[in-house]
Amino acid sequence: MTIRVSRRRALQGAGALAVAAATLKAPAIAQNAPIRIGSVATLEGPFATGGQDAYRAMEMLFQAENMTIGGRRIEWIRESSNAQADVALARARKLIEQDNVDFIIGPLSGAEGIALKDYSATLNGKTIINGGSGAADTTLRNPSRNFFRFNTDGTQWMAGLGTYVRRTLNVSEVTIVAGDYAFPYAQVFGFSLEFCRLGGKANYLWAPLGTTDFASQIAQIPRSSGALVVVHGGTDGLAFMTQYAQAGGNLPLIGGSIMADATMMSARGPHRRLMVGMVSGGPVADVIDDPQWNDFVARYKRMPGAFPSPSIHAVNFATNTMAAILALKQVNGDLSGGQAAFQRALQGLKFKAPTGAEVSLDHNRHAISDVFLNRIEERNGQPTTVAFQRATQINQTLGVPEAQFLALGAPSRNNPGCVAAS
Amino acid sequence: MIAWLQSRAGLWTAGGFAFLLVLPAILPELMPANQASFWLGNIFGRAIVFGIIAMSLTFLATYGGFVSLAQMSVAGVAGYVVAITVNGAAPSIVGGLAYMTAIPLGIVAAVLAALFVGVVSVRTRDIYLLMITLALAMGFFRFVETNIAWFNGYEGIRNVLGPTVFGLPFRDPHVIYYVSLLLAATLYGGVLYLVRSPFGLVLQGIRDNPRRIAALGYNVALHRVAAFGVAGFIAGCGGVMMTIYNIGISPGSVGLGATINVLIMSVIGGLGHPIGAFIGSLIFAFFDTFAATIYDRNRFNTLIGVVFLAIVLVSPDGVIGLAKRSYAYLKAKSAPQRWDKPT
């Protein structure tokens, strides 16, 4: 007797086998199981190069540990979002629920951060460590006990600038030109808070994102202004500076944290004349006189595709990844017990970020750290940001008691933070 | 109803619904528990939620002939109204309302917004309708992105956790799944019923020949606006579910990408029948989640694009068109004696 197998039979059999194989659950191996780390950054959309640079820095740090901590191998699962909150949330859910990661490092942009903070609050025994997102409310209002952020936010990045303008430049009135959206609101708030507290007076001119003609705004700058604070980014900043230079403007310039970025520095045109000497605030600069930073940059430059200097996203992700690695080492890779020990270790960390800034966390699990005052200098024919001063141990409320800071309300164009000392 | 259930379409529908009802019991047998709950909440649940929004577009396109790109915005109106008015959202804009009040309010707002879209676009067709609804959608997106006082701008409104259903929190994947499944089934049944009603027949008449319908004495413009209102109700239900599923809403949910995604779901599923919206949405959810695992992480959008392109290329009327044709082909092959009867 022969056994005849038709093609349909064979296919059915193969299908059944596949289902059976998928059903078999892999036996759990607790001993030396790998540590599964997920990450969310933007590999698509407006911040794609920033996201790639962030992963470059993370890879560098994991490789330095030989992909092993506490005898457990690191398994790193990278996901990509496009800077939209919903997409970041979908990716985080996949990492936690499908890929079963122990914790997530990410995301990169503000609205994503707030979405993941809310998601982390619904989790038990899982942790999300921020990547580079910098919206204040990710940790300031309704914080989540599972969300940790070791980088500073947009308001903190302006720390020291107001004092510099009021005291060092001895300017009593400034005009602030800024983009009409969340990130400039936060930055303007940080500047005004300090500047007005020291008795300064500020005028505000807001322009929507994507404005190309600033001529009427430039005409509105009061003559009494002693300095100009520009909180635009990318092409908006370039358009403003070009027109301001063409109009013969010569007020001392103060910039927001994304003014001194690659778009502004590499473009040619009349704005170049004004850019050199511009002072800005931020968590990072091209040149920081600190051995930790020099070492970090040297290692970073050896990575394939690296930029001449690490981007702000690379530094923020690196800071948060360093925190994760240090805390993992403290608990010797032990994430059992609902990660309680790991989260305690994160909370108690005190370490030096790649920039050489000391980082620790406040009670909302947000970074208290140093920010830099940078000046643009011409070095080897290239405009370069050089850190010349450091505002040390800035907290999220810029030294204002938290209740008082919260009472000021969220930053907006109607609430730019200019409150005189009481 | 009984007769319809005995028809082939009715049997398929009832069978499919029964399968989806027991799916939560089957999934844990196929995969580890945590993955089963992921698939339930974030593949099937998500597919049903977005399928509802896509169905509002499919309804308009299939029975009215209007391809509107404003459906995601209409869903967003419902989502934003819930987020603005409900208790517990962060930041609290108006707040104070329970979900039982906020949700109907959101759906009413969505219907009003959809009627507005219908009135604005009542004299346009085809590509012009597409453009005007796209313009409205982008206008709404820019508005919520820049308005801080009501919509909290770019960061949006978060922490919309959803009500408790029979004492269970909404965040449980089973609750999200079953609530959206029952809602989708009700709306789906409603659409199938509506298109057989006089209103639906007039709507299909307008699709085929608006002048003839006008000559018969029907008010074409009014029927068109009403169809947008019905689609707005469906999109509003989907928008509320989407907001609760995403634990909040931000401008990204109603941006250009999201608007186009709804169109993609409808088209790859097939614009011939409301079920296409859910099939398309399931395919979309699957590839959107797993493309990066299947293919290179830096280039996974290429895979998503290729799959969608392949579906539309092979079958201009989407997956349901493909299924219909393969069924007809198989039937013809297995029953050669009936060659004389053209199918």
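What you see is a predicted model; the values in this text were computed from it and never measured. (Residues numbered from 1 in each chain as written. Chains lettered and ligands numbered in written order. Predicted model: local features only at pLDDT ≥ 70, side-chain atom pairs only at ≥ 80, totals over all residues.)

**Brief notes about the overall build of chain B**
Point 1. Across its full length, chain B holds 15 helices and four strands.
Point 2. Its C-alpha radius of gyration of 21 Å places chain B within 12% of the 20 Å reference for a compact globule of 343 residues.
Point 3. Dimensions of chain B along its principal axes, counting C-alpha atoms only, are 70 × 60 × 45 Å.
Point 4. Looking at chain B as a whole, 46% of its 343 residues qualify as buried.
Point 5. Restricting to contacts in chain B with at least 6 residues of sequence separation, those with at least 24 account for 73%. (Helix = DSSP H or I, 4+ residues; strand = E, 2+ residues; numbered from the N terminus. Rg over C-alpha atoms; globule rule 2.2 N^0.38 Å. Buried ≥ 20, exposed ≤ 12 C-beta atoms within 10 Å, placed from the backbone. Contact = placed C-beta atoms within 7 Å.)

**Details of the overall build of chain A**
Point 1. Per the secondary structure count, chain A includes 14 helices and 15 strands.
Point 2. Counting only C-alpha atoms and orienting by the principal axes, one finds that chain A spans roughly 105 × 45 × 40 Å.
Point 3. In chain A, buried positions account for 50% of the 422 residues.
Point 4. The contacts of chain A with a sequence gap of at least 6 include a subset with a gap of at least 24, amounting to 76%.

**A few points about the domain arrangement of chain B**
Residues and elements named next belong to chain B.
Point 1. The assigned domain composition of chain B is domain 1 (1-30) and domain 2 (34-255).
Point 2. With centres defined by C-alpha atoms, the gap from domain 1 to domain 2 works out at 25 Å.
Point 3. Residue classes in the side of domain 1 that touches domain 2 are distributed as six nonpolar, no polar and no charged. (Domains from an automatic or database assignment. Nonpolar A, V, L, I, M, F, W, Y, C, P; charged D, E, K, R; others polar.)

**Some points on the interface of chain A and chain B**
Point 1. Each partner contributes residues to the interface: chain A has 36 residues there, and chain B has 32 residues.
Point 2. Of the residues that constitute the side of chain A that touches chain B, the class distribution is 14 nonpolar, 10 polar and 12 charged.

**Examining the domain arrangement of chain A**
Residues and elements named next belong to chain A.
Point 1. Split into domains, chain A comes out as domain 1 (35-152 + 289-369) and domain 2 (156-282 + 380-407).
Point 2. Each of domain 1 and domain 2 has a C-alpha centre, and the two are 29 Å apart.
Point 3. Domain 1 puts 11 residues into the contact, and the matching count from domain 2 is nine residues.
Point 4. A per-class count over the side of domain 1 that touches domain 2 returns four nonpolar, five polar and two charged.

**Looking at the pairing of strand β14 (residues 367-379) of chain A**
Residues and elements named next belong to chain A.
Point 1. Bridging between strand β11 (residues 279-282) and β14 involves four bridges; their strand directions are antiparallel. Residue Ser 280 lies in a different strand from β14, and its bridge partner there is Asn 374.
Point 2. By the bridge criterion, two bridges tie strand β13 (residues 358-361) to β14 in an arrangement that is antiparallel. Within β14, the position partnered with Leu 361 by the bridge is Ala 367.
Point 3. Count of turn residues in the β13/β14 antiparallel hairpin: five residues, of which Arg 365 carries a positive phi of about 60°.
Point 4. Where β14 and strand β15 (residues 382-394) come together, 10 bridges link them in antiparallel fashion. From the neighbouring strand, Ser 369 faces β15, where its bridge partner is Ile 394. (Pairing = 2+ DSSP bridges.)

**A closer look at the packing of helix α2 (residues 48-64) of chain A against helix α12 (residues 312-330) of chain A**
Residue and element names in this part refer to chain A.
Point 1. Contact geometry for α2 and α12: axes closest at 8 Å, N-to-C directions at 35°. Where α2 crosses over α12, the handedness of that crossing is right-handed. In this structure, α2 contributes Gly 50, Gly 51, Asp 53, Ala 54, Arg 56, Ala 57, Met 58 and Leu 61 to the contact, and α12 contributes His 313, Ala 314, Phe 317, Ala 318, Thr 321, Met 322 and Ile 325. (Axes fitted to C-alpha atoms, helices over the stretch in contact; angles between N-to-C directions. Left-handed = near helix turned anticlockwise from the far one by under 90°.)

**Points about the packing of helix α3 (residues 33-64) of chain B against helix α4 (residues 71-85) of chain B**
All names here are of chain B.
Point 1. Where α3 meets α4, the closest approach of the two axes is 9 Å, and the angle between their N-to-C directions is 130°. One way to sum up the angle between α3 and α4 is to call them oblique. For the element pair α3 and α4, the recorded crossing hand is right-handed. Residues Ile 53, Ser 56 and Leu 57 of α3 pack against Gln 71, Met 72 and Ala 75 of α4.
Point 2. Residue composition of the contact of α3 with α4, grouped by class: four nonpolar, two polar and no charged. (Parallel < 35°, antiparallel > 145°, perpendicular 65-115°, else oblique.)

**Description of α12(A)**
Along an α-helix, a turn takes 3.6 residues, which lines up residues three or four apart on a common side.
Residue and element names in this part refer to chain A.
Point 1. Taking 1.5 Å per residue as the helical rise, α12 with its 19 residues ought to reach 27 Å, and the 27 Å between its terminal C-alpha atoms agrees with that figure.
Point 2. Most of α12 is tucked away, with 15 of its 19 residues classed as buried.
Point 3. Of the residues trailing α12, Asn 332 is marked for its positive phi of about 55°. (Expected span 1.5 Å × (residues − 1).)

**Regarding the sheet that holds strand β4 (residues 103-105) of chain A**
In sheet architecture, strand pairing relies on hydrogen bonds along the backbone and comes in two forms, parallel and antiparallel.
Residues and elements named next belong to chain A.
Point 1. The sheet built from six strands is open, its strands ordered β2-β3-β1-β4-β5-β6 with mixed pairing. Edge strands, defined here as strands with exactly one partner in the open sheet, are β2 (68-69) and β6 (147-148).
Point 2. Pairing analysis gives three bridges linking β4 to strand β5 (residues 127-129), with the strands arranged parallel. Note on β5: the bridge partner recorded for Ile 105 is Ile 129.

**So, helix α15 (residues 318-334) of chain B**
Point 1. The end-to-end C-alpha distance of α15(B), which contains 17 residues, comes to 25 Å, matching closely the 24 Å that a straight helix rising 1.5 Å per residue would cover.
Point 2. Check the buried side of α15(B) and you find it contacts α12 (256-269), α13 (275-294) and α14 (300-314) of chain B.

**Things to note about the environment of Thr235(A)**
Residues and elements named next belong to chain A.
Point 1. Looking at the element boundaries, Thr 235 is found in helix α8 (residues 234-246).
Point 2. A residue is classified by how many C-beta atoms lie within 10 Å of it, and Thr 235, with 15 of them, is partly exposed.
Point 3. Counting along the chain gives 24 residues from Thr 235 to Met 259, while the straight-line C-alpha distance between them is 9.9 Å.

**Remarks on the nonpolar core**
Point 1. Core analysis: the biggest nonpolar cluster contains 213 residues, and Ile52(B), Ala110(B) and Ile234(B) have the highest contact counts within it.
Point 2. Ranked by residues supplied to this core, first place goes to α3(B) with 18 residues. (Core = buried A, V, L, I, M, F, W, Y, C linked by C-beta atoms within 7 Å.)

**A few points about unusual backbone geometry**
Point 1. Going from Gly106(A) to Pro107(A), the amide bond is cis rather than trans, its omega being 0°.
Point 2. Topologically, Pro107(A) is positioned in the loop between β4 and α4 (110-121).
Point 3. That bond from Ala90(B) to Pro91(B) is cis: its omega, -5°, falls within 30 degrees of zero.
Point 4. The residue Pro91(B) is located in the loop between α4 and α5 (99-120) in this model.

**A few points about the confidence of the model for chain B**
Point 1. Confidence along chain B averages 88 in pLDDT terms, with 95% of residues attaining 70 or more.
Point 2. Two summary scores accompany this predicted model of the complex, namely pTM at 0.83 and ipTM at 0.79. (pLDDT = per-residue confidence, 0-100.)

**What to know about the pairing of strand β7 (residues 173-179) of chain A**
All names here are of chain A.
Point 1. Buried residues dominate β7, accounting for six of its seven residues.
Point 2. Of the pairings in the sheet, the one linking β7 to strand β9 (residues 227-231) comprises five bridges and is parallel in character. Its bridge partner being in β9, Val 177 is matched across the sheet by Val 230.

**Section: the confidence of the model for chain A**
Point 1. For chain A, the average pLDDT comes to 87, and 91% of its residues sit at 70 or higher.
Point 2. Low pLDDT, under 50, characterises residues 20-30 of chain A; the predicted model gives this stretch four contacts beyond four residues in sequence or across chains.

**So, the environment of Ala114(B)**
Point 1. With respect to the helices, strands and loops of the structure, Ala114(B) is situated in helix α5.
Point 2. Setting aside residues up to four positions removed in sequence, Ala114(B) forms contacts with Val74(B), Phe228(B), Gly229(B), Ala231(B), Gly232(B) and Ala235(B).

**Details of the environment of Phe38(B)**
Point 1. You can see Phe38(B) is positioned in helix α3.
Point 2. Taking the C-alpha atoms as reference, Phe38(B) lies 36 Å from Leu130(B); in sequence the two are 92 residues apart.
Point 3. Those residues in contact with Phe38(B), other than ones at most four positions away along the chain, are Glu97(A) and Gln98(A).

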